[in-house]
Amino acid sequence: MSLEKRVTVQFVLIDEGARWVNAEPDGISIGAVTLHSWEIHPVDAKPEVLGEKDAYLIKINYDLDLGPDPAPVRWFEVGLEFTAGDGVGPVAVADALPRTTGPEKERVYSLNRRLQFVPRTAGMEPDAVIPATTHRIDVFGVGGNWVRWQNAAAHEGSVRSGSQVAWLSLFVPRGCAEVAVSFSVRYSLPPEESIGSLPGQNALTFPLVLKEGVRRVVEPVPIDDTDPAGRQEGPRMFICYAHDTVWHETNALKFAELLRHTGVDVHIDKWASAVRRHWGIWAEDEMKKADFVAVVASPRCKVVGEGNASSDENRGMRAELNFIREKLAQNESHWLPKVLPVVLPGETVDHLPDFLQPYNCDRYSIDEFTEEEIADLLRAMGRTGAGVWSSPPC
């Protein structure tokens, strides 16, 4: 057990005025996620798999506590970012459990020779057990150094307090004895509960000691290429929209929730923690990481995108649209398929900036918030059904 102390991050709802000025605002407590002890097992594998790396099998335990009178939290996400010391080398998550799944019975997995989790079969050692789940869980970030588990209730429902178990296989630089772990959470309330507020929480960082021990040897077992371990995660999308009216913000959140429900990894300012930050830089970073950027039509989007707003209005929207305009000018063949103009119910295509070419190129009009209405948008992101998608062009 290398994580000896409990680590807790609170869910706090704060006034949206803190977006620009407050570093640590007070707010209304919604709940908390607590990390408990971790189990860490060194893993041995073939040299062609490890290379100049060491590998570890890690079990993670965490609790959600929403209190005696819980708010209607639609989903919450636990994020873990792993980093080694400067100049030591990269850290990478080879695989993680649970992966995208709905309510299921208890499942037992083994590690294959690529250090991916596969369902245990006869003759294979059991390495990880996932207890029965009563809600949907999606995993994002496998292959990088930041893995996230998003726990979601049934559509329009609320998650419940309780304990969760997760597993991951981790590559670290050879000889690395300790990594830093940044622990963060995101969560979502229904639009009527969250308009005018932002989720306030800080990421916490702690050291994780990689103690030596008996190494679990992974033998070269057969690999089933149809196994879920080989499936790609859903695409990552950033939603760019103006804070026109409460009605428009509510629709933007409904759109985000609908996409998330189909397995899209959605990022929007309302779900970002409200710590003090430069929001323009945050948005640029999100758009660089995203596979796709949705630009939502509105009167303010049109005015700002065509340079007709005053310098003290809609600073965030102006920074985002200027970034998109610049990227389209630099590399149109790469960014044109990534930037997706969207017209939500009650809006019009005329409220999209001209530089997005909403008439010459595709735009995606949604008349109501249903999966059928966003089918064309999902196809533009390479969604082919059943949670499968093809990567965007590089």
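Up top is the structure.
Residues numbered from 1 in each chain as written. Predicted model: local features only at pLDDT ≥ 70, side-chain atom pairs only at ≥ 80, totals over all residues. Heavy atoms only, no water.

1. Let's talk about the overall build of the protein chain
Phase 1 of the analysis: A count of helices and strands for the protein chain gives nine helices and 23 strands.
Phase 2 of the analysis: In the protein chain, which comprises 394 residues, the share counted as buried stands at 52%.
Phase 3 of the analysis: Put simply, 75% of the contacts in the protein chain that link residues at least 6 apart link residues at least 24 apart.
Phase 4 of the analysis: Of the roughly 17,900 Å² of accessible surface on the protein chain, a fraction of 49% belongs to carbon and sulfur atoms. (Helix = DSSP H or I, 4+ residues; strand = E, 2+ residues; numbered from the N terminus. Buried < 20%, exposed > 50% of the residue type's maximum accessible area, 1.4 Å probe, protein only. Contact = heavy atoms within 4.5 Å. Areas by Shrake-Rupley, 256 points an atom, 1.4 Å probe, with all protein chains shown as cover.)

2. Comments concerning the nonpolar core
Phase 1 of the analysis: Core analysis: the biggest nonpolar cluster contains 43 residues, and Trp38, Ile60, Leu80, Phe82, Trp149, Leu168 and Phe183 have the highest contact counts within it.
Phase 2 of the analysis: One finds Tyr241, Val264, Leu340 and Ile374 within the second-largest nonpolar core, a separate group that totals 27 residues. (Core = buried A, V, L, I, M, F, W, Y, C linked by side-chain atoms within 4.5 Å.)

3. Things to note about the pattern of salt bridges
Phase 1 of the analysis: Taken as a whole and assessed by the stated rule, the structure comprises 16 salt bridges.
Phase 2 of the analysis: Between Glu39 and Lys59 there is a salt bridge, with the nearest N and O atoms lying 4.0 Å from each other. On the criterion of sequence distance, the pair formed by Glu39 in strand 3 (residues 39-44) and Lys59 in strand 4 (residues 53-65) is long-range, its members being 20 residues apart.
Phase 3 of the analysis: Note that Arg236 is salt-bridged to Glu286, the shortest N-O span being 3.0 Å. Here the residue Arg236 occupies a position in strand 17 (residues 236-240), and Glu286 occupies one in helix 5 (residues 279-289), the gap between them amounting to 50 residues.
Phase 4 of the analysis: Residue Glu286 is classed as buried on the basis of its relative accessible area of 8%.
Phase 5 of the analysis: A single salt-bridge network, built from bridges that share partners, covers Glu77, Arg148, Arg186 and Asp265. (Salt bridge = Lys/Arg side-chain N within 4 Å of Asp/Glu carboxyl O.)

4. Some details on the packing of aromatic side chains
Geometry of an aromatic ring pair is reported as the spacing of the ring centres plus the angle between the planes.
Phase 1 of the analysis: Under the criterion given, the structure shown has six aromatic pairs.
Phase 2 of the analysis: Relative to Trp335, the ring of Phe323 has its centre 5.9 Å away and its plane inclined at 85°; by these criteria the two rings are edge-to-face. Taken as a pair, Phe323 in helix 7 (residues 315-330) and Trp335 in helix 8 (residues 332-335) lie far apart in primary sequence, twelve residues in all.
Phase 3 of the analysis: Residue classification places Phe323 among the buried positions, given a relative accessible area of 7%.
Phase 4 of the analysis: Taking the relative accessible area as the measure of exposure, Trp335 reaches 8% and is therefore buried.
Phase 5 of the analysis: Lying across the ring of Phe171, Lys53 places its NZ or CZ 5.2 Å from the centre. (Phe/Tyr/Trp six-rings, centres within 6.5 Å; stacked < 30°, edge-to-face > 60°. Lys NZ or Arg CZ within 6 Å of the ring centre and 35° of its normal.)

5. Points about the sheet that holds strand 7 (residues 107-111)
Phase 1 of the analysis: Taken in spatial order, the three strands line up as 8-7-9 in an open sheet, and their pairing is antiparallel. The open sheet is flanked by strand 8 (117-119) and strand 9 (128-130), the only strands paired with a single partner. The sheet shows a mean angle of 40° between the axes of neighbouring strands, direction not considered.
Phase 2 of the analysis: As paired elements, strand 7 and strand 9 share three bridges and run antiparallel to each other. By the bridge assignment for strand 9, Val108 is matched with Val129. (Pairing = 2+ DSSP bridges. Axes fitted to C-alpha atoms, helices over the stretch in contact; angles between N-to-C directions.)

That is the geometry; function is a separate question.
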